[in-house]
Amino acid sequence: QVQLVESGGGLVQPGGSLKLSCTTSGTSISIYTMGWYRQAPGKQRELVAAFASGGIRNYADSVKGRFTISRDNAKNTAYLQMNSLKPEDTAVYYCRISGWSINYWGQGTQVTVSS
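Residues numbered from 1 in each chain as written. Predicted model: local features only at pLDDT ≥ 70, side-chain atom pairs only at ≥ 80, totals over all residues. Heavy atoms only, no water.

Draft legend 1. The pairing of strand 8 (residues 77-82), seen in detail. For strand 8, the buried fraction is high: five of the six residues fall into the buried class. In terms of strand pairing, strand 7 (residues 67-72) meets strand 8 through six bridges, oriented antiparallel. Across the sheet, residue Ser70 finds its bridge partner in strand 8, namely Tyr79. (Buried < 20%, exposed > 50% of the residue type's maximum accessible area, 1.4 Å probe, protein only. Helix = DSSP H or I, 4+ residues; strand = E, 2+ residues; numbered from the N terminus. Pairing = 2+ DSSP bridges.)

As structure tokens, then:
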């Protein structure tokens, strides 16, 4: 069974940084797209960043230049480095693995940006 576990969320002041991790078990991530999504209260879940197995990365316009997605296939882990955090980045962040015949989500980790 495929499982994704996120970690690294928490409370941070505006302008601060956090690094989220997503460790996958039950399959190798190397041939799949790893994505980070977020959902703020009262809003729809949105794509934050995605990293395809071929190396292409995509970012939401709202996080370009501030967030960086990366992956370590040997550790079966994806990361999201978040810098210059803003209050509007506050949300539950979810990790997703997707591709041919696979689509799984993690349980989410809360990120709160507040002074």
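The discussion continues.
Draft legend 2. Representation of the sheet that holds strand 8 in the model. A sheet is described by the order of its strands in space; here four strands give the open sequence 1-3-8-7, paired in antiparallel fashion. Of all the strands in the sheet, the pair left with one neighbour each is strand 1 (3-7) and strand 7. Within the sheet, the average angular offset between the axes of one strand and its neighbour, ignoring direction, is 15°. (Axes fitted to C-alpha atoms, helices over the stretch in contact; angles between N-to-C directions.)

Draft legend 3. Structural detail: the side chain of Arg38. Tracing the chain through its elements places Arg38 in strand 4 (residues 33-39). Within the local environment of Arg38, its side chain forms a polar contact with the side chain of Glu46, the two groups lying 2.7 Å apart. Reaching out from Arg38, the side chain makes a polar contact with the side chain of Tyr93 at a distance of 2.9 Å. (Polar contact = N/O pair within 3.5 Å; in protein donor to acceptor, adjacent residues only side chain to side chain.)

Draft legend 4. Spotlight on the pattern of salt bridges. The full count for this structure, using the stated rule, is four salt bridges. Note that Arg38 and Asp89 form a salt bridge whose closest N and O atoms lie 2.9 Å from each other. A residue pair is termed long-range when its members are at least 10 positions apart, and Arg38 in strand 4 and Asp89 in the loop between strand 8 and strand 9 (91-99) qualify at 51 residues. Taken as a pair, Arg38 and Asp89 share a single burial class, namely buried. A salt bridge links Asp89 to Arg66, with the shortest nitrogen-to-oxygen separation between them at 2.8 Å. Of this pair, Asp89 sits in the loop between strand 8 and strand 9 while Arg66 sits in the loop between strand 6 (57-59) and strand 7, and the two are 23 residues apart along the sequence. Considered together, Asp89 and Arg66 belong to a single accessibility category, that of buried residues. Each of Arg38, Glu46, Arg66 and Asp89 takes part in a single network of salt bridges with overlapping partners. (Salt bridge = Lys/Arg side-chain N within 4 Å of Asp/Glu carboxyl O.)

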